[in-house]
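Chain and residue survey
Okay, here's what each chain looks like letter by letter:
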Amino acid sequence: MNTKFLSLSSLNTNQITTFSTIGVVDHTLMTISLSGVTERFLPTHLIIRWGDGVEDLFENDILQSKNIASNIFSSLLIDTYTHEYFPSNVSTTQNLTATVSLYYTDSNISTFTLPLSIINYDYTTSVGDIRLIHTNYLQSGDKIHQLVTDKGGYLVELLAK
């Protein structure tokens, strides 16, 4: 499984930020940190729409003692948020848009839009080109082709009748 870490930041409570397309490969665990987001006003809650039909709601907990020690009073800004993305079964590329919305006590919303491109590598992509290195002709008229992959140097035998 691959991993991707994103750190989001903002200076205002009504900021709208759209990222460039974020490419991930195959099965990916994405982690988002909001530690750089403004705490000028206290956030009330966070909604993350991951883009694949999953939506998470997080409420603020300002009473966590670990936050006070780091001068951050909002649990929403100190915690990290993780989601698992899976490659498509029907296409080699899947384009999704994740949205992170942070709601504040001053009625403003900071929104981060994260376009995602999930690339699904199939077998032929993962082994690269395949070269024929030898063919054995059997008495039955069948043939055994020996092939080698460019990536990894794997030997593949194919029986042709």
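What counts and what doesn't
- Note that residues are indexed from 1 along each chain, following the sequence as it is written.
- Only residues with pLDDT of at least 70 are given local features in this predicted model, and only at 80 or more are side-chain atom pairs given and counted; all residues enter the totals for whole chains, interfaces and linings.
- Hydrogens and waters are ignored; side-chain quantities use all the structure's heavy atoms.
- Strands are runs of DSSP state E lasting at least 2 residues, helices are runs of H or I lasting at least 4, and numbering of each runs from the N terminus.
- Relative accessibility thresholds used throughout: buried, under 20% of the residue-type maximum; exposed, over 50%; partly exposed, between the two (1.4 Å probe, protein chains only).
- The criterion used for residue contact is that any of the two residues' heavy atoms lie within 4.5 Å.
- We get accessible surface area from the Shrake-Rupley algorithm with a probe of 1.4 Å; when it comes to residues, only the shown protein chains can shield them.
- Between 30 and 60 degrees the pair is tilted, below 30 it is stacked and above 60 it is edge-to-face, where a pair is any two Phe, Tyr or Trp rings, Trp via its six-membered ring, whose centres lie within 6.5 Å.
- Every case where a carboxyl oxygen of Asp or Glu lies within 4 Å of a side-chain nitrogen of Lys or Arg is listed as a salt bridge.
- Note on pairing: DSSP must find at least two bridges between two strands before they are called paired.
- For every element, the axis is a line fit to its C-alpha atoms; helices are fit only across the contacting stretch, and the angle between N-to-C directions ranges from 0 to 180 degrees.

Quick word on the overall build of the chain
Looking only at helices and strands, one finds 3 helices and 12 strands in the chain. Across the 161 residues that make up the chain, the buried fraction comes to 33%. Here the contacts in the chain between residues at least 6 apart in sequence split such that 59% fall between residues at least 24 apart. Split by element, the accessible area of the chain, about 9500 Å² in all, is 53% carbon and sulfur.

Here we look at the packing of aromatic side chains
With the rule as written, the count across this model stands at 2 aromatic pairs. Measuring from ring centre to ring centre gives 6.5 Å for Trp50 and Tyr85, while their planes differ by 70°; the resulting arrangement is edge-to-face. Here Trp50 is found in the loop between strand E5 (43-49) and strand E6 (55-59), whereas its partner Tyr85 is found in strand E7 (residues 80-85), with 35 residues between them in sequence. Where Phe58 meets Tyr81, the ring centres are 4.5 Å apart and the plane angle is 55°; that geometry is what we call tilted. With Phe58 in strand E6 and Tyr81 in strand E7, this pair connects stretches of sequence that are 23 residues apart. Relative accessible area serves as the criterion here: at 4%, Tyr81 is assigned to the buried category.

Observations regarding the pattern of salt bridges
Within this structure, the stated rule accounts for 2 salt bridges. The salt bridge involving Glu55 is made with Arg49; its shortest N-O contact spans 3.2 Å. With a closest N to O distance of 3.2 Å, Asp150 and Arg131 form a salt bridge. Here Arg131 lies in strand E10 (residues 130-137) and Asp150 lies in the loop between strand E11 (143-149) and strand E12 (155-160), a separation of 19 residues in the sequence.

Here we look at the pairing of strand E8 (residues 93-104)
The pairing of E5 with E8 spans 6 bridges and is antiparallel. When the sheet's bridge partners are listed, Ile47 is paired in E8 with Ser101. Bridge count for E8 against strand E9 (residues 109-119) is 11 bridges, and the pairing is antiparallel. Within E9, the residue paired with Thr97 across the bridge is Pro115. A loop of 4 residues connects E8 with E9, the two strands running antiparallel in sequence, and Ser107 in this loop sits at a positive phi of about 75°.

Re the environment of Ser110
Structurally, the position occupied by Ser110 is in strand E9. The exposure class assigned to Ser110 is buried, which follows from its relative accessible area of 0%. Placed 96 residues apart in sequence, Ser110 and Asn14 show a C-alpha to C-alpha distance of 4.7 Å. Sequence-distant contacts of Ser110, that is, excluding residues within four places in its chain, are made with Ser10, Asn12, Thr13, Asn14, Gln15, Val100, Ser101, Leu102 and Tyr104.

Focus: the sheet that holds E12
One open sheet holds the 3 strands; their spatial order is E10-E11-E12, and the pairing between them is antiparallel. For this open sheet the edge positions go to E10 and E12, each flanked by a neighbour on one side alone. Across the sheet, the mean angle separating the axes of adjacent strands is 25° when strand polarity is ignored. Where E10 lies against E11, 7 bridges are found, and the strand directions are antiparallel. Along E11, the bridge assignment pairs Leu132 with Leu147.

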